[in-house]
Amino acid sequence: MNSNLAPRQFEEICIICENLKPKGIHLYTSFICTDCEHDLIQTDTSDPKYSYFLNKLKKVTTPEIFS
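Cut-offs and rules
Residues numbered from 1 in each chain as written. Predicted model: local features only at pLDDT ≥ 70, side-chain atom pairs only at ≥ 80, totals over all residues. Heavy atoms only, no water. Helix = DSSP H or I, 4+ residues; strand = E, 2+ residues; numbered from the N terminus. Buried < 20%, exposed > 50% of the residue type's maximum accessible area, 1.4 Å probe, protein only. Contact = heavy atoms within 4.5 Å. Salt bridge = Lys/Arg side-chain N within 4 Å of Asp/Glu carboxyl O. Axes fitted to C-alpha atoms, helices over the stretch in contact; angles between N-to-C directions. Parallel < 35°, antiparallel > 145°, perpendicular 65-115°, else oblique. Left-handed = near helix turned anticlockwise from the far one by under 90°. Nonpolar A, V, L, I, M, F, W, Y, C, P; charged D, E, K, R; others polar.

### Quick notes on the side chain of Ser30
- Relative to the helices and strands, Ser30 resides in strand β4 (residues 30-33).
- Ser30 sits in the buried class, given a relative accessible area of 7%.
- If we ignore the near neighbours within four places in the chain, the residues touching Ser30 are Ile15, Ile25, Lys59, Val60 and Thr61.

Written as structure tokens, this is what we have:
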């Protein structure tokens, strides 16, 4: 194993900001970057931006379980 190799960066598209980001959380099969996660948590429910987040979160779908 060659220890000189840099770790491979993996980026995913955030369902909220729709940008490629290297860090975040997975909610079922969707990805939310750490920046959007932080903004979502800090946004008051009376803020108009909260409705924006709710609309974006509607993209999250529960994966089907096949037996």
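Read on, since the account is not over.
### Points about the pattern of salt bridges
- Here the structure, examined in full by the defined rule, presents 4 salt bridges.
- Here Glu18 ties to Lys59 by a salt bridge, and the two come within 2.8 Å at their closest N and O atoms. Here Glu18, found in the loop between β1 (12-13) and β2 (20-21), pairs with Lys59, found in the segment after α2 (48-57); they are 41 residues apart in sequence, far enough to count as distant.
- Its relative accessible area of 39% is what places Lys59 among the partly exposed residues.
- Lys21 serves as the salt-bridge partner of Asp35, at 3.0 Å between the closest nitrogen and oxygen. Here the residue Asp35 occupies a position in helix α1 (residues 34-42), and Lys21 occupies one in strand β2, the gap between them amounting to 14 residues.

### Details of the packing of α1 against α2
- For the pair α1 and α2, interaxial distance at closest approach is 10 Å and the crossing angle is 130 degrees. With respect to α2, the element α1 is oriented oblique. As for the relative orientation of α1 and α2, their crossing is left-handed in sense. On the side of α1, the interface is formed by Cys36, Asp39 and Leu40, while α2 contributes Lys49, Phe53 and Leu57.
- Class assignment of the residues belonging to the contact of α1 with α2 gives a composition of 4 nonpolar, no polar and 2 charged.

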